[in-house]
Amino acid sequence: MNNNNFGTIGHVKRNYRPAIITISVVLIGAIGVLAGMPGIEDFDAFDVTILPLLNAILNSFTFLFLVGALIAILKRNVKVHRRFIYSAFVTTFFFLITYVTFHFLSPSTPYGGSGLLAGIYYFVLITHITLAAAIVPLALTSVARAWNQENERHRKIARWTMPIWLYVSFTGVLVYIMISPYY
């Protein structure tokens, strides 16, 4: 396989747009619905507060995988870049499972801080949530363009996707650190 592209020569381009739109709408919609739910009353099968910690750990791995992917592509090592990106997708997938599970089982945790720290927390939280919603179709479109060997179009969108995904994964950890005393 040529190390300068993501697929094989003669690869048939596929239309991933319907899947990207469907996944994005369903995922963002489900998370939006869960945000307004009260959680399951008296759930005690396990301590659900372990899930936000797991989310932060998974976000940390996603961040590290993305940094590795960025370094690899800057060194023009597409094979290693691809592996790091797939690893970031895997940790993000597991993050989404634990995130949805936590918000299904537990009510939202209010931030208990005040003053400047509260302002910082809410700024980080709002930008994190907004960009997390945006990263779903961006990341899926980026990988679809790579799969279709649309390398120039992939590079154009990846220039936006990579920094946003890095920000989202990093601020996910930061949000956890700031709110964890209130669980």
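- Under the annotation held in an unreviewed UniProt entry, the protein chain carries the name DUF420 domain-containing protein and is attributed to Siminovitchia terrae.

## Overview of the overall build of the protein chain
- From N to C terminus, the protein chain includes five helices and zero strands.
- Each helix (α) and strand (β) of the protein chain, taken in turn from the N terminus, gives the series α-α-α-α-α.
- Along the longest, intermediate and shortest principal axes, the C-alpha atoms of the protein chain span 55 × 30 × 25 Å.
- With an accessible surface of roughly 10,800 Å², the protein chain has 70% of that area assigned to carbon and sulfur atoms.

## Topic: the nonpolar core
- If you look at the biggest cluster of nonpolar residues, it comprises 13 residues, and the most contacted ones within it are L66, I85, I135, L138, M162, I164 and W165.
- Taken together, the elements giving at least two residues each to this core come down to helix 2 (50-74), helix 3 (78-105), helix 4 (115-147) and helix 5 (151-179).
- Take this core: its biggest share by element is six residues, from helix 5.
- Counting residues in hydrophobic clusters, the runner-up holds eight residues, among them A118, L125, M178 and I179.

## Structural notes on the confidence of the model for the protein chain
- Across the protein chain, pLDDT averages 92, with 95% of residues at or above 70.
- Averaged over each element, pLDDT in the protein chain is lowest for helix 1 (residues 17-35) (93) and highest for helix 2 (98).

## Some points on the pattern of salt bridges
- Scanning all chains against the criterion turns up two salt bridges.
- Among the salt bridges present, the one from R155 reaches E152, with a minimum N-O distance of 3.2 Å. Of this pair, R155 and E152 both sit in helix 5, three residues apart, which is roughly one turn of the helix.

## Quick notes on the packing of helix 2 against helix 3
- Orientation of helix 2 relative to helix 3, taken along the N-to-C sense of each, is 165°, at an axis distance of 8 Å. With respect to helix 3, the element helix 2 is oriented roughly antiparallel. In this structure, helix 2 crosses over helix 3, and the sense of that crossing is left-handed.
- Classifying every residue of the contact of helix 2 with helix 3 by side-chain character gives 20 nonpolar, 10 polar and no charged.

## Quick look at helix 4
- Here helix 4 spans 47 Å end to end across 33 residues, near enough to the 48 Å set by a 1.5 Å rise per residue.
- Directly after helix 4, the chain includes Q149, whose backbone phi takes a positive value near 60°.

## Looking at the packing of aromatic side chains
- In total, this model carries 14 aromatic pairs according to the counting rule given.
- Arranged with centres 5.1 Å apart and planes meeting at 75°, the rings of F89 and W165 form a pair that is edge-to-face. Note that F89 is positioned in helix 3 and W165 in helix 5, a separation of 76 residues in sequence.
- An aromatic cluster is present here, built from Y111, Y121, Y122 and Y182 joined pairwise through their rings.

So, how was this worked out
- Residues numbered from 1 in each chain as written.
- Predicted model: local features only at pLDDT ≥ 70, side-chain atom pairs only at ≥ 80, totals over all residues.
- Heavy atoms only, no water.
- Helix = DSSP H or I, 4+ residues; strand = E, 2+ residues; numbered from the N terminus.
- Areas by Shrake-Rupley, 256 points an atom, 1.4 Å probe, with all protein chains shown as cover.
- Core = buried A, V, L, I, M, F, W, Y, C linked by side-chain atoms within 4.5 Å.
- Buried < 20%, exposed > 50% of the residue type's maximum accessible area, 1.4 Å probe, protein only.
- pLDDT = per-residue confidence, 0-100.
- Salt bridge = Lys/Arg side-chain N within 4 Å of Asp/Glu carboxyl O.
- Axes fitted to C-alpha atoms, helices over the stretch in contact; angles between N-to-C directions.
- Parallel < 35°, antiparallel > 145°, perpendicular 65-115°, else oblique.
- Left-handed = near helix turned anticlockwise from the far one by under 90°.
- Nonpolar A, V, L, I, M, F, W, Y, C, P; charged D, E, K, R; others polar.
- Expected span 1.5 Å × (residues − 1).
- Phe/Tyr/Trp six-rings, centres within 6.5 Å; stacked < 30°, edge-to-face > 60°.

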